[in-house]
Amino acid sequence: MNHVDVAIVGGGPAGSSAGYAAASEGADTVVIEKGVPRADREGLGPDSTDAAGILDYWVDIMDLGEPIPEHVKHRELHAAEFIGPSETLELTETGIDATYPNFGFTMHRARFDDWLRERAESAGAEYRVGTSVADVESELTGAPSHTLTLRDGTEIEADHLILADGPQRTITGRVIERWLPDDRMERLETRRTNHIAYQEYREMPEELFENDRIKFWWGYMPGHTAYPWVFPNDGSVARIGLTMPIDLDIDSVEHRDSYRLLRPEDERIPQGRVYLERLIETVYPEYELDDFPILEDRGKARGTETYPISSTRPIESPTRANVAIVGGAMGATSAFHEGGDHVAIRTGAIAGRLAALGAMRAYNAEWHRAIGSEIRRNCIFADMVDGYEPDDWDRLFGLAGNIVSADGIRPREALQSGWAGTKLFAAYTWRKFGHRNGRYAQVFEDAYSV
């Protein structure tokens, strides 16, 4: 049986960052990644599916210690547009202090993951790609240890275990279900806590391609965290995609005729492909669908990708067992702001460093300190728009141009905008108070029977 100081399950941004941090501190580290094939990657790698846009202040949250290579980037961004049925909100700054000089950038997610892996390997982390974890057994008598059995039969014993297996929590769920009561595990059932995302790589007509902005359409499809988007890539290629709740029942949707991407004949919520075809037809009515061909040599499956995004509610880790849960597996990434490579990387790095130092007990406090304001803000906004319908998005965007930033609701501007702005600020402030001291988490460490 092999023995390591730190074993990491999952080689995406969180897992690779954990591997880099642990190995940099001198720990004997292994990263286990099952690997998936992609048309735009030579070998196997993590499930690199994401809209992959990074805002300016996210770069500081990642705290990589070095610039992201230029070959990873697609486009420098200068704006984001939030488009409602009748109102549009354009943001040209996030409103949060940042060292990155522009609004942000889009990137090639597979190249980003591959760079993070190379970085971790150069620090001394070992990667095992092409086999997955079949089982984990934990021994908590005395100093905790964990035995991982891989699909190929290999056994690895680790003093510290970092779970970075993404929002589906394939291994995370098996590990923590032993230490959580059934009602807590029910909260983490992936079809309840996750959204599904779907995107296509399409060539756009050059006159429509806007290379300096990302665009989101709100109130076009049911679900308050459901929205299509367009992200610019290289040339005139864009990723056109959407996020929507899993298992939304169309019979539960009120005022169906107010959603532009629904049709009277729909007997169930449309598939992602259908939604995107309707989006193109709706927002570019003077063009034909054939004017936006799918590039089948990109992505995971003939120019398309489907992937889960975790909820906005993170969970704390059972650090007494020397276990840390990071990134999408902990729910730090968010369906509300579309992904979360930045918080995945930061939580992974924190866990890896603390594991190497034998100080895992500090992990929950450290991640709250590092990303708590980001998580809390996302939770507040998601709560505030729960139940929103198309008219609500128009009212918000009509009001929000002067009072909303990525940092929250600006109090002076909100109060000066009249009753509607004051009401919005009051709702934000009340929820901010409710989420104080890490109360945005849905599972706290004391719930684990470790």
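Rules of the game
Residues numbered from 1 in each chain as written. Predicted model: local features only at pLDDT ≥ 70, side-chain atom pairs only at ≥ 80, totals over all residues. Heavy atoms only, no water. Helix = DSSP H or I, 4+ residues; strand = E, 2+ residues; numbered from the N terminus. Buried < 20%, exposed > 50% of the residue type's maximum accessible area, 1.4 Å probe, protein only. Core = buried A, V, L, I, M, F, W, Y, C linked by side-chain atoms within 4.5 Å. Contact = heavy atoms within 4.5 Å.

Looking at an unreviewed UniProt entry, one finds the protein named NAD(P)/FAD-dependent oxidoreductase, with Natronomonas salsuginis as its source organism.

> Would you explain the environment of Ala 382 in this entry?
By secondary structure assignment, the location of Ala 382 is in helix α9 (residues 363–384). C-alpha separation for the pair Ala 382 and Thr 225, spaced 157 residues apart in sequence, amounts to 7.4 Å.

> How should unusual backbone geometry be read in this particular structure?
As a rule of thumb, non-glycine residues mostly have phi less than zero, and peptide bonds are mostly trans rather than cis. Backbone geometry places Asp 63, a non-glycine residue, at a positive phi of 55°. Inspection of the secondary structure puts Asp 63 in the loop between α2 (56–62) and β4 (73–77). Relative accessible area serves as the criterion here: at 53%, Asp 63 is assigned to the exposed category. Phi is positive for Asp 247, close to 65°, though the residue is something other than glycine. Within the fold, Asp 247 resides in the loop between β15 (237–245) and α7 (272–283).

> What am I meant to see in the nonpolar core here?
In globular proteins that are soluble, nonpolar side chains generally tend to be buried together. Phe 112, Ile 162, Ile 176 and Tyr 363 are the most contacted members of the largest nonpolar core, which has 96 residues in total. Per-element tally for this core: the top contributor is helix α8 (residues 341–356), with seven residues. For Tyr 363, the residues in contact, after removing those within four places along its chain, are Ser 317, Thr 319, Ala 324, Ile 325, Val 326, Met 330, Thr 347, Ile 350, Ala 351 and Leu 354. The next biggest cluster of nonpolar side chains, apart from the first, holds 27 residues, and it includes Ala 226, Val 230, Tyr 284 and Tyr 287.

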